[in-house]
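Listed below, chain by chain, are the residues.
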Amino acid sequence: MTLANGLIHFSIIDYLNALPLNMAFKDGLFEGQVDLTFDYPSQCADNLASGRCEVGLISSIEYQRIANLRIAPGICIASRHEVRSVLILTRKPLSDVKTVALDRFSRSSVALLRILFHRRFGFQPQFITMTPQAEPMLAEADAALIIGDAALRALPQDVDHIDLAREWNRDTGLPFVFAFWAIRRGANTAAVCDILNRAKAYGMPRIATRMDDIRARWPLPENDILDYFHTNIHYDLGEPELASLALFYRYAEEAGLIKHPSPPRFAT
Ligand SMILES: C=C(O[C@@H]1C=C(C(=O)O)C=C[C@H]1O)C(=O)O
């Protein structure tokens, strides 16, 4: 489905972690070719599923829930050790947690948390889904899952912070792939991949030169922002990331979160 005006419709995450991938879109590099919607991860996936967009930056788990997608090769939002922005805040050891408030904008991290409970403890706590705000979440539940920009804000320090990428890496030795670009069947995949590759090459080298603008929107210390992009998050989808995705999908199936997983298929 190409929209009536001939533009390709992209649904894009607007968290700090997506900036290296979306800066070129924001700077208008593809004006006249693309139509943009900025949304939360869960909504990007829903837009792709419903056909409201042709290309979405979506939670990796959603690839298994939406038919006929192709993944843009070589690009993802992933973390090797600590991601810093996908956190379980908890007052109790996880084995004692009975209720978890889930960030309503997440899908991959929700699946990752459920896999962690399934594999480590063999039970699922009760879940409620909430807007990501630590205090109200922790007033309702023993633990809270918070992702993205909300996890980078000041958080209560009198609770434990568990970094989900670190937990995954401890258990598997692998990075974790939170999100990637997925393209609906019928879209011009060559044109889309060209845009996405150009956007990826454009964003990262400009992060350091845009620091004032970035800090106006995300008021964090400059070094924290640079560390986040250089140490916590990475954007290359290669062999370790593919191995990780295969394991993530297998565990998700074992935990009853998805049906038999299809292997990742890439756009050409
Ligand atoms: C690393 C992150 O990855 C995110 C986590 C997602 C999810 O849990 O579904 C989706 C997109 C990414 O923005 C983050 O938000 O901090």
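Residues numbered from 1 in each chain as written. Predicted model: local features only at pLDDT ≥ 70, side-chain atom pairs only at ≥ 80, totals over all residues. Heavy atoms only, no water.

The next point concerns the domain arrangement of the protein. Often, the extent of an interface is quoted as the loss of accessible area on bringing the components together. Splitting the protein by domain gives domain 1 (8–80 + 175–254) and domain 2 (86–172). A C-alpha centroid distance of 22 Å is found between domain 1 and domain 2. Counting residues at the interface gives 29 residues for domain 1 and 19 residues for domain 2. Both faces combined, the contact of domain 1 with domain 2 buries some 2100 Å², and carbon together with sulfur accounts for 64% of it. (Domains from an automatic or database assignment. Contact = heavy atoms within 4.5 Å. Buried area = accessible area lost by both parts, 1.4 Å probe.)

In the region of the ligand, 18 residues are neighbours, and Ser59, Ser85, Ser106, Ser108 and Ser109 sit closest. Measuring from an oxygen atom of the ligand, one finds a side-chain N or O atom of Ser59 at 2.6 Å. In this structure, an oxygen atom belonging to the ligand sits 2.5 Å away from a side-chain N or O atom of Ser85. Protein chains shield 100% of the accessible area of the ligand, which is 370 Å² for the free molecule. Residue assignment for the shell around the ligand shows that the elements contributing at least two residues are α3 (108–121) and β11 (176–184). Looking at the shell around the ligand, you find at least three residues from each of domain 1 (8–80 + 175–254) and domain 2 (86–172). (Near = heavy atom within 4 Å. Polar contact = N/O pair within 3.5 Å; in protein donor to acceptor, adjacent residues only side chain to side chain. Areas by Shrake-Rupley, 256 points an atom, 1.4 Å probe, with all protein chains shown as cover. Helix = DSSP H or I, 4+ residues; strand = E, 2+ residues; numbered from the N terminus.)

For the rest of this paragraph, the subject is the pattern of salt bridges. Throughout the structure, instances matching the rule amount to 15 salt bridges. A salt bridge links Arg170 to Glu167; its shortest N-O distance comes to 3.3 Å. Taken as a pair, Arg170 and Glu167 lie in helix α6 (residues 164–172) at a separation of three residues, close to a single helical turn. Given a relative accessible area of 58%, Arg170 falls into the exposed group. Note that Arg198 and Asp194 form a salt bridge whose closest N and O atoms lie 3.4 Å from each other. (Salt bridge = Lys/Arg side-chain N within 4 Å of Asp/Glu carboxyl O. Buried < 20%, exposed > 50% of the residue type's maximum accessible area, 1.4 Å probe, protein only.)

Let us look at the nonpolar core. Ranked by size, the top nonpolar core spans 92 residues in total, and within it Phe10, Phe25 and Trp181 carry the most contacts. Of all the elements, β11 adds the most residues to this core, at eight residues. Of the residues that make up this core, three or more belong to each of domain 1 (8–80 + 175–254) and domain 2 (86–172). In contact with Phe10, not counting residues within four places along its chain, are Phe25, Val34, Asp35, Leu36, Thr37, Cys53, Val55, Trp181, Val192, Ile195 and Leu196. Residues Leu87, Leu138, Ala150 and Ala151 belong to the second largest nonpolar core, which totals 14 residues. (Core = buried A, V, L, I, M, F, W, Y, C linked by side-chain atoms within 4.5 Å.)

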